[in-house]
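As a plain string of letters, each chain reads:
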Amino acid sequence: MYQDKLKQFKNLENLAGKAWEHAVAIDVLATTDIKDCSIECFHYQQMMELFFKHILETKSQFGAYSKSHKLQKLLEEVIANTQFRTDKTKYFMALQVITVCADFLIDCEGYKQSVIICDQLLEELIKYN
């Protein structure tokens, strides 16, 4: 599913290509019997982070991005430094849950609900790119 969404970046040697690699990992993990979702959350967070940074690298005036791993901060950077526009308040809590989940798995159900919301943002970002 995710590798198909990011298929235009398949095996590219850039940040978007790395995002695609994490998308492949998410899809593989979805076919396993692993009950703990922390590894999937890690790959989802990485996929989103790398895609945000790809957009900042390719669409911002200076082609730069911060070292932050916080997805909500990266979304703010994308909005401030590119032409991408969205209702960031719609996504902030979900992005924060994904960021925290990747560091310290607290709530698998909360992660899954956040993914539903963040998938909408991912679609917006892919269209923008």
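Chains are numbered independently. Their residues run from 1 in the order of the written sequence. Selection of residues for local features in this predicted model requires a pLDDT of at least 70, selection of side-chain atom pairs for listing and counting requires 80 or more, and totals for whole chains, interfaces and linings are taken over all residues. Values reported for side chains reflect all heavy atoms of the structure, with hydrogen atoms and water molecules removed beforehand.

J.: How would you summarise the state of the cysteines if you had to cite specific residues and measurements?
T.: Simply put, disulfide is the name for a covalent bond between the sulfur atoms of two cysteines. Any cysteine sulfur atom paired with another within 2.5 Å is treated as part of a disulfide. Following the criterion strictly, the structure yields one disulfide and no others. Linked covalently through their sulfurs, Cys37 and Cys108 form a disulfide whose S-S length is 2.0 Å. Between Cys37 and Cys108, the S-S dihedral sits near -140°, and the bridge is therefore left-handed. Placement of the pair is Cys37 in the loop between helix 2 (15-29) and helix 3 (38-59) and Cys108 in helix 6 (residues 108-128), with a sequence separation of 71 residues. Under the DSSP-based scheme used, a helix requires at least four consecutive residues in state H or I and a strand at least two consecutive residues in state E, with every element numbered from the N terminus.

J.: Give a description of the pattern of salt bridges that names residues and reports values.
T.: A carboxyl oxygen of Asp or Glu within 4 Å of a side-chain nitrogen of Lys or Arg is what we treat as a salt bridge. Summed over the entire model, instances satisfying the criterion amount to five salt bridges. Between Glu49 and Lys53 there is a salt bridge, with its nearest N and O atoms 2.8 Å apart. Here Glu49 pairs with Lys53, and both are found in helix 3, just four residues apart, close to one helical turn. Residues Glu49 and Lys53 agree in their burial class; the two are buried. Among the ionic pairs, Lys88 bridges to Glu76, the shortest N-O distance being 3.8 Å. Here Lys88 is found in the loop between helix 4 (71-81) and helix 5 (92-103), whereas its partner Glu76 is found in helix 4, with twelve residues between them in sequence. Note on exposure labels: buried denotes an accessible area under 20% of the residue type's maximum, exposed denotes more than 50%, and partly exposed covers the range between, all computed with a 1.4 Å probe on protein chains only.

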